[in-house]
Amino acid sequence: MKVVDRLTEYVDERHFRVIGSKVIRCRKPRITQVIDTALAKLFELEHQFADMAAEERYTRRLEQAKPVLEAFWSWLDQQKPVRNTRLDKAVNYVLNRRDIAETYLEDGRCSFTNNLSENAIRPFAVGRKNWLFSSSVDGANASAVVYTMVEMAKAHGLNIFGYLKFLLEHRSDKEMTDEQLAELAPWSEKLQSIKNRM
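Since the model is a prediction, treat every value here as computed from it, not as a measurement.

**Topic: the pattern of salt bridges**
Piece 1. Scanning the entire structure with this criterion turns up eight salt bridges.
Piece 2. The partner of R60 in a salt bridge is E56, and the shortest N-O contact between them spans 3.5 Å. Of the two residues, R60 and E56 are both situated in helix α3 (residues 54–78); the distance of four residues between them amounts to about one turn of the helix.
Piece 3. For E56, a relative accessible area of 41% corresponds to the partly exposed category.
Piece 4. E102 serves as the salt-bridge partner of R98, at 3.8 Å between the closest nitrogen and oxygen.
Piece 5. The exposure class of R98 is partly exposed, given its relative accessible area of 30%.
Piece 6. The exposure class of E102 is buried, given its relative accessible area of 15%.

Here is the structure:
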């Protein structure tokens, strides 16, 4: 399994639906049906793989999901829409993102959708007008740091108030070692072991 340990461009299943939405406007129900069928199969497989360890999910994706994607790409390559139509633009949009659409196959820890990320940033996106008071770069950076700390605490099952209180009580300083700083991360063993007492 190739470990995706870098910031990687990622396309989730909704980008495949771009074709579908443009096709519907072009009145091409057969194409929409093929896209929906491929996506339904991929979602069904991901549902089956949900409780597997990352290594096993990786193997099963290569065995079962990759052939579905390859059949989809093959079918898409055979489509010859009229140039500069909505359908032509939609087909090219997806074909040009083929490599990044398959990123999730590289590592069993990667998600088929980016729903978790989307849901995590939704409160920030909805509330961004409330943060217009960040009239300086420093203010915007401070907001981003606090928001990141809150969302990371949520993602790792920590009580947000308890985590922020813990951070303030154990503020870092120049004398702290890297190991001590790592203990302040929400995923650290120390915090995970005491999270029920926060």
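**Observations regarding the packing of aromatic side chains**
Piece 1. For the structure on display, the rule yields four aromatic pairs.
Piece 2. Through pairs of rings, three or more aromatic residues link up here, namely F43, Y104 and F112.
Piece 3. Here the basic side chain of R97 rests over the ring of Y93, its NZ or CZ set 3.7 Å away from the ring centre.

**Describing helix α8 (residues 160–169)**
Piece 1. Residues of α8 that are buried: G162, Y163, F166 and L167. Across the axial projection of α8, the buried residues extend over an arc of 135°, all falling on one side. Seen from the open side of α8, the exposed residues pointing more than 90 degrees away from its buried face are F161, L168 and E169.
Piece 2. Residues of α8 that are buried make contact with α7 (137–155) and α10 (189–194).
Piece 3. Two or three places before F161, at the opening of α8, N159 has a side-chain oxygen 3.0 Å from that residue's backbone nitrogen.

Here is what the cut-offs are and how they apply
- Each chain carries its own residue numbering, running from 1 in the direction its sequence is written.
- For a predicted model such as this one, the threshold for reporting local features is a pLDDT of at least 70, and the threshold for listing and counting side-chain atom pairs is 80 or more; totals across whole chains, interfaces and linings nevertheless cover every residue.
- Where side-chain values are given, they derive from all heavy atoms of the structure, hydrogens and water being excluded.
- Throughout this description, the term salt bridge denotes a Lys or Arg side-chain nitrogen within 4 Å of a carboxyl oxygen of Asp or Glu.
- A run of H or I in DSSP counts as a helix once it spans at least four residues, and a run of E counts as a strand once it spans at least two, with each numbered from the N terminus.
- Accessible area is worked out with a 1.4 Å probe on protein chains only. A residue is then buried under 20% of its type maximum, exposed over 50%, and partly exposed in between.
- Classification of ring pairs rests on two measures: the distance between centres of Phe, Tyr or Trp rings, Trp counted by its six-membered ring, which must be within 6.5 Å, and the angle between planes, read as stacked under 30 degrees, edge-to-face over 60 and tilted in between.
- Any Lys NZ or Arg CZ found within 6 Å of a ring centre and within 35 degrees of that ring's normal is scored as a charge over the ring.
- Arc definition: it is the arc formed by the directions from the helix axis to the C-beta atoms.
- Note on contacts: a residue pair qualifies if any of its non-hydrogen atoms lie within 4.5 Å across the two residues.
- Pairs of N or O atoms within 3.5 Å make up the polar contacts considered here, provided that, within protein, one atom can donate a hydrogen while the other can accept it, and that residues adjacent in sequence are counted only when both atoms are side-chain atoms.

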